[in-house]
Amino acid sequence: MFSELSITSNFTFLTGASHPEEYMDRAAVLGMEGIAIADDNSVAGIVRAHTQARVIRRKVQERLDWDSAYGLIGPPRPAHLPAAPLAFIYNTPRLIPAARLLFTDGPAVTVLPQTRTGWRNLCRIISKGRLAAKKGSCILTLSDLEAFPEDLQLLIWPHAHHWHTGAGDWVEAVHRLTRRFAGKIHLLLRPHYDGQDMERMQRLNDQAAKLCIPTIASAAPIMHNGNRRKLADVLTAVRTGTRVDNLGRAALLNAENRLRSATELAKHFPHDPQALVRTQALARTLTFSLDALRYEYPSEVTQAETPADRLRRLAYEGLNWRYPSGASDKVKGLLEHELTLISKLKYEPYFLTVRDIVAFARSRDILCQGRGSAANSVVCYCLGITSVSPEIGTMVFERFVSEARDEPPDIDVDFEHERREEVIQHIYNRYGRHRAGLCATVIHYRGKRAIREVGRAMGLSEDTISAMSSQLWGFFSTKGIEAERMAEIGLDANDRRLKQMLELVEEVQGFPRHLSQHVGGFIVTEGRLDELVPVENATMEDRTVICWDKDDIDTLGILKVDVLSLGMLTCIRKAFDLMNMHHRLSYTLATLPPEDPQTYDMLCRADSVGVFQVESRAQMNFLPRMKPRCFYDLVIEVAIIRPGPIQGDMVHPFIRRRNGEEQISFPSDALGDVLGKTLGVPLFQEQAMQIAIVGAGFTPDQADRLRRSLATFKKHGNVSEFRTLFLRGMLKNGYEADFAERCFSQIEGFGSYGFPESHAASFALLVYASAWIKCHHPGIFACALLNSQPMGFYAPAQIVRDAREHGVQVRPVCINASFWDNVMEPDEAGGLALRLGFRQIKGLSEEDASWMTAARGNGYTTVRDVWRKAGLHPLMIAKLAEADAFASLDIKRREALWEAKALAPGPTLPLFDGDIDGEAIFEPSAHLPDMTLGEDVVEDYVAMRLTLKAHPVALLRHILTPESHKNH
C-alpha cells in the first residue's frame, strides 16, 4: 500500500488537470491507501475529494453486502456498484488534507496537518497570506509558517519553479525551519521524467543526508491520468496568456505527471527504495480527517438564558402576536413538535441568529422576508422570519429539518437590494471578521467561456471563436456545433486543430476557473472562523470570504445563513413610505387588506406590468386562464409556470380540471388530502414527498433523498435506486401499476425544477402586495418601481407608459421641481402626479443632483444660474439640457444646450462675471431652429430612455395604417 502526499488538483486554478473526485476514484482503482490533495495556498478542493471518499466507501459497503448475500451466483450486480478490477473493488482510499504553500523568501513546502490543531494552524497560515493580498493572491513568508509550528509535517520542494532566489537556497531554508520544526521536515523527491532523474535524485539524497532530513517519494501529479496532458498544456497557455504553440519549456515534456501506484513509482527510485517506505510511514501518522471538524455555532446565550429557553420564549411570544385570536390546536402541536426536534438537534442558536438578523433589519426599517423551506416552519413564522402562515399548504417540516438526514437547516432571508449591505456589515460588526465570512462560489468553465479561452490557446482567430460560440446551446454542452453547423459558418469540421479544440472544450467543461463570492451565504462560528477554514479577501471592499462553497459546507454539516437581496422588497418598502407620506396609511406585508377582489380582477386581466413574478409574457398569458381569486391561487400561479411542471405535463390538466373540463378524481382519500388543493395534479416538491410517504410508504428521510436524487442539474443521486422502491410501495398499498408509473414519471418530470410550496407561498405574498399597491395606488407603485431600478422585466419607459394608461399624470424632469428620486406631488384635481427625478437622466450622478437641489433656493432662472449657484460642471449641465430639464423656464432644448456649451469649467468670480475692463460683453442671441416632435422624442430616449411627448410608433402611424398601404 502507498499514499501519495502531494497532488495538485484543478483547484490550483489553470494548473491542475483533474478534479479531486477523479484522483480519489483513480486512487481506489490503483489500490492506494491514501492521497493528499495539496493545492497551491488553498484547501478549496479537498472537500470534493472527501465527499467522493464517502461515496466510494458507501459503494464498497454495498458491494460487500451484495457479495455476502449472493456471492458469485445470483441476480445481475446493480450498475451503480463498483466495477473496478477484483483486486481493488474493496479498497477505499483515505483523504489526507494538505496544502502546498508558496513563499516569497523560501522554497515551496507541502504542509500536512497531523491533528485538528495542525489543521487549525494550516488555516491560520493560509488566511494570513490571503488577507495580506488582493483577491486570488497570497503573500506568505517563512516567518508566517514559523508562527504556527504545532502538529505540522513539512515536505520541502527543492528547486521549486515558483521560487527564483537561487538553486541552493532551499538548504538555507531547511536550516532555518529546523529550529521550529525539528523532526518534522522531509525532502520531497519527485521524478521530472526528463532523462536526468537518477543523477538529480542522487544529488538530492546526498544533500538530505548532510542535512539529516529524511527523503519522501512522490509522483507530484497534476493529473489523474496521462490522457489529460493536452488539457494541462491548454490550461497553462490560458494561465500565461499565450498560445499552446508558444509554450516552449512551460509545456509538459510528456504525459508522465500523473497519479502512480507504489509499483509504478518504485521504478523511479531504484537508488532509494526506502523513500517509499518512509512515505507510507509518514502517511500513517497523519491521522487528521475532515470528519474531525466539529463546527461550533455561536452559543447565542444572553442574560443567563439558555438558547433553548430563549427560543421557546420568543416562539410563544410570536404565537400570541401572529394569532391574536388564539392559535389552533394543530398549529400549537406543530410548534411543540418543531421545538422538540430543534432542541434534540441543538439548532436553537441557528434560529436565534436568523431571528436577531431579521430583528436588526426591522429596527432599521429594512423590509425583509424569509422564504424557501423555512416557510414550512411554524417557529420561523412566530419568530417573524417568514410572513406566510405554514397552515397555507401541506406541512412537511422534515423538508426543512430532519433528524434522520442529519443535515443543517438552510434559511434564506431576502432583504431590500439597496440596503442589504447594512445587514451584511451588521453581521461582520456583531461577530467580528474572525468569526464571520461569506461562502465562496466556484465559477466553472461553461460552453462559451470554454470555447473562447481554449480557442485562443489553440490559436484560433477571434472571428472563428465568435462564430463557434454563437452556435452553442446550453451551458455545459457543445451540442449544436456539429459538422453541418460548422459548414454553415464556413468552418471545416475535419480540420485537425478544430477537432482537437472541440475535444478539449468538452474535456474542460465543469473545470473550476476561479472562486467568487456567494450571493449571501454567511458562515458564523463560536470560535475563530480562520481556524476552521482559510479566510480571504473578496473583490468587494469590506468583504471576506471562505474558500468552500455551499455544497462543501453542507457536506461538513456547517450552518449557513443566506442574506439575499430582492429588488421587489425595495420597491414595496418605498411604496409603503410614499403611502404613509401622502395618505397617512401605515402598512406592512402582514397588514395589507387580504383577498381584495379588485386586485384579483386586475390580475385576471393580466394587468401585471411590474408586479412581482407574474410580469413575464408567459405569466400574462396564463393569468386570464388561471383567473386567480384567492391567495392560494397565487401560490399555484407562481409555481406552475416553471420548467418542471411544464415538462411534467401538469399545466394543461390543472387548467382543464379548474375549468370543469375534466373530472377531478383521487385514487384514495389519503392522496386526496395531499393533492386536493392542486386538483389532483402534483405541482410542488412537498407533494412529491407526500406522495412517496403516503402512497409508497417512504419515510420522510427517504422521500427527501428521492427529491434530491431528482436534482438533474447537478446530477446528484440515482433515481433508479428509488423507482423500484416507489413502485413496489404503491402496489403494496393497493394502487394500480399504471397510476404508480404515472406518479413517478410526473415526479421525475419536474425534479429539481419544481418549486417547493413553501417557496411559492413566500413569493406569492410579494405578488399580492405588489399587485395590491399597483391596483389601488398606481402612481405610487410606478414611482417606487422607478426608484428601485434596475430590477424586473421592464424598462422605465414601459413603466411610465403603463402608469399613464392607469390614469397617472406623469410630469417631466424639471430643474426647479425634480429631485434625485421620482416623487409624488399634488396635481390640479386634488390627487397626486408623478414627477420624474434626475435619476432618469443618463450619466447624471446622485451627488451632482443633490448639490443642485440643495443650492436652488427659490429656484433657478437661467442655465448659467445652475452653473453659478450649484457649481455643476458644464458637462452635467449639458446633460440636463439634453433631457429638456429647462423647459419650465421657457428655455428650449437647443437653446439650453447652446448656453451650456458656452460655460467654461472651473471657478468663477461673480463680481466680474461677463465684464472685462468695466465693459460688459454682449453676445448676439443665436436663432436656433425649433426641434420637430420626432427629434424631441429621439433626444428624450437618448437622454432618459423614455419620453412623455409621444410614442415613437405614433410618429409612424400614417405609414402603418391600411390606407397608406393602399396608396403604396
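Our subject in this report is the structure included herewith.

Reading guide: rules and limits
- Residues numbered from 1 in each chain as written.
- Predicted model: local features only at pLDDT ≥ 70, side-chain atom pairs only at ≥ 80, totals over all residues.
- Heavy atoms only, no water.
- Helix = DSSP H or I, 4+ residues; strand = E, 2+ residues; numbered from the N terminus.
- Contact = heavy atoms within 4.5 Å.
- Areas by Shrake-Rupley, 256 points an atom, 1.4 Å probe, with all protein chains shown as cover.
- Core = buried A, V, L, I, M, F, W, Y, C linked by side-chain atoms within 4.5 Å.
- Buried < 20%, exposed > 50% of the residue type's maximum accessible area, 1.4 Å probe, protein only.
- Pairing = 2+ DSSP bridges.
- Axes fitted to C-alpha atoms, helices over the stretch in contact; angles between N-to-C directions.
- Parallel < 35°, antiparallel > 145°, perpendicular 65-115°, else oblique.
- Nonpolar A, V, L, I, M, F, W, Y, C, P; charged D, E, K, R; others polar.

## Brief notes about the overall build of the chain
Reasoning step 1: When you go through the chain residue by residue, the secondary structure sums to 40 helices and 20 strands.
Reasoning step 2: Contacts in the chain between residues far apart in sequence, at least 24 positions, make up 73% of those at least 6 positions apart.
Reasoning step 3: Per element, the accessible surface of the chain, about 42700 Å² overall, is 53% carbon and sulfur.

## Topic: the nonpolar core
Reasoning step 1: Formed by 128 residues in total, the largest nonpolar core has its most connected members in Leu101, Trp119, Phe351 and Trp548.
Reasoning step 2: For this core, the element with the most residues is helix α12 (residues 348-363), which contributes eight residues.
Reasoning step 3: Residues Leu589, Tyr632, Phe684 and Ala943 belong to the second largest nonpolar core, which totals 103 residues.

## A closer look at the pairing of strand β10 (residues 410-416)
Reasoning step 1: Taking burial as the measure, the seven residues of β10 include six buried ones, the bulk of the element.
Reasoning step 2: Two strands pair when backbone bridges link them, and strand β9 (residues 368-371) and β10 are joined in this way by four bridges, in the antiparallel orientation. Note on β10: the bridge partner recorded for Arg371 is Asp412.
Reasoning step 3: In the sheet, β10 pairs with strand β15 (residues 560-566) via seven bridges, with the strands oriented parallel. Each residue of the ladder has a partner; that of Asp412, found in β15, is Asp562.

## Some words on the side chain of Arg839
Reasoning step 1: Within the element layout of this structure, Arg839 appears in the loop between β18 (832-835) and α34 (846-855).
Reasoning step 2: Taking the relative accessible area as the measure of exposure, Arg839 reaches 19% and is therefore buried.
Reasoning step 3: If near-sequence neighbours (up to four positions away) are discounted, Arg839 is found in contact with Lys574, Leu786, Asn787, Gln789, Trp820, Asp821 and Asn822.

## Remarks on the packing of α34 against helix α35 (residues 863-870)
Reasoning step 1: Between α34 and α35, the least distance of the axes is 9 Å, while the angle of their chain directions is 100°. Comparing their axes, α35 and α34 come out roughly perpendicular. Residues Trp851, Met852 and Ala855 of α34 form the contact with α35, whose participating residues are Val866, Lys869 and Ala870.
Reasoning step 2: Broken down by class, the residue content of the contact of α34 with α35 amounts to five nonpolar, no polar and one charged.

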